[in-house]
Amino acid sequence: EGMALQQRILFPPEEICMDWQQRQRPGAGLCNLGSTCYINVILQCLTYTPPLANYLLSRDHSQLCHQQGFCMMCIMEAHVRKVLRSSANVIWPKAVVRDLKFIGEEFEPDMAGDAYEFLCCALEAMQRACLSGSSDVDISSQTTTIIHQIFGGFLKYRVTCLRCQEVSDSYKAFLHVLLDIKAPSSLTTALEDFVTPKKLDGKYCLKCSKCEKKVTSSKRVTVYRVPKVFTVCLERAADHTGKKISKIVEYPEYLDLRPYMSDTAGEPLLYSLYALVVHSGDTCLDGHFFCYTKASNGLWYKMDDESVDNCGIHAVLRQQAYLLFYAR
């Protein structure tokens, strides 16, 4: 419906395994190589994303990879194997820090960075690695890589002309969603806000194809197709000065995405929380990142650079969360 058909499926979705194939205690903590806590938390959250870890542990990518030089999938494969398979309590994520400029030009090894920006760049770098060697892949088929099959969904944008009621729909692939938390006090109210129609008037007026001029319209964003892993950033930057929104925003252990869908009829679409990133500090420009992840043994752990400590779900649900990872 209004979406281009994919000419090729680069990774079959039925081959994705959402459950851990092996159950074990958590792997190693990660050494902080000087202001690299923002990198460590994302590496840990990705390592404990079951469908991604299963795929990386299978070594399917590296066995077929012909890329010369930097390849984010090969780096992640080696990293995840090292964290989950070695007997070391702490490992140095040297390869990631060494190749930081290939992941994102804005990152410097000895400078603090933002965990959400690093997540976005890491997913994009993995996506590029999945597409290397597949030249001339149409835009639609690019959303069928293993990365999009795990993290990707589609948003539907519906613009309604408030003068003639003409409706136009467009669709956009996403790997993560950024939510405004200035007013909302919970994840569910932030998602309700996200799907509430917004009025576009004044300088935001759009041209209506039927009226043939700029008119006041209403724009509504909904989730058209859900991802297997739903990744959310709670926007804590109050403005461009680095001021931080430090309030607690409640988030559930189990989340139903059905109410935020383009089609709200049908069975609940249930997701389970398996990782989150916390930022501690008074402003967005300084402070420290740590995370909580659920290991393959089903238990939760607080991961703060080198330290990996057992904790309960009550502690997990009481944090000033910045990033939330939910699995279908």
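Residues numbered from 1 in each chain as written. Predicted model: local features only at pLDDT ≥ 70, side-chain atom pairs only at ≥ 80, totals over all residues. Heavy atoms only, no water.

## Regarding the nonpolar core
Part 1: Of all hydrophobic cores here, the largest spans 65 residues; its most connected members are Met73, Phe118, Ile147, Val277 and Leu323.
Part 2: A per-element tally of this core places helix H7 (residues 115-131) first, with 12 residues.
Part 3: What methionine 73 contacts, discounting residues up to four positions off in sequence, is Tyr55, Leu56, His61, Met126, Ala129, Cys130, Ile146 and Ile147.
Part 4: Membership of the second largest hydrophobic core comes to 36 residues, among which are Leu155, Ala190, Met261 and Leu269. (Core = buried A, V, L, I, M, F, W, Y, C linked by side-chain atoms within 4.5 Å. Buried < 20%, exposed > 50% of the residue type's maximum accessible area, 1.4 Å probe, protein only. Helix = DSSP H or I, 4+ residues; strand = E, 2+ residues; numbered from the N terminus. Contact = heavy atoms within 4.5 Å.)

## Notes on the environment of alanine 4
Part 1: Position of alanine 4 among the secondary structure elements: in the segment before strand E1 (29-30).
Part 2: When the C-alpha positions of alanine 4 and aspartate 239 are compared, they lie 37 Å apart, and in sequence the two are 235 residues distant.

## Topic: the packing of aromatic side chains
Part 1: Counting across every chain of the model gives 11 aromatic pairs.
Part 2: Plain terms: the ring middles of phenylalanine 70 and phenylalanine 102 are 5.3 Å apart, the flat faces sit at 25 degrees to each other, and that makes the pair stacked. A residue pair is termed long-range when its members are at least 10 positions apart, and phenylalanine 70 in the loop between helix H3 (60-64) and helix H4 (72-85) and phenylalanine 102 in helix H6 (residues 100-103) qualify at 32 residues.
Part 3: For phenylalanine 70, a relative accessible area of 19% gives the class buried.
Part 4: Among the aromatic side chains, those forming a connected cluster through ring pairs are Tyr38, Phe107 and Phe118.
Part 5: The residue whose ring lies beneath lysine 94 is tryptophan 92, and the NZ or CZ to ring-centre distance is 5.2 Å.
Part 6: Cation over ring: lysine 302 sits above phenylalanine 290, and NZ or CZ is 4.7 Å from the ring centre. (Phe/Tyr/Trp six-rings, centres within 6.5 Å; stacked < 30°, edge-to-face > 60°. Lys NZ or Arg CZ within 6 Å of the ring centre and 35° of its normal.)

## Considerations on the UniProt feature "domain: USP" (unreviewed entry) in the chain
Part 1: Per the UniProt entry, the sites bearing "domain: USP" (unreviewed entry) are residues 28-328 in this numbering.
Part 2: Counted over residues 28-328, helix gives 28% and strand 29%. Its end C-alpha atoms are 26 Å apart. (UniProt positions renumbered as here; feature names shortened; annotations may be inferred.)

## With respect to the pairing of strand E4 (residues 167-174)
Part 1: Across 8 bridges, the pairing between strand E3 (residues 153-161) and E4 is antiparallel. In the sheet register, arginine 158 faces E4, and the bridge partner there is aspartate 169. (Pairing = 2+ DSSP bridges.)

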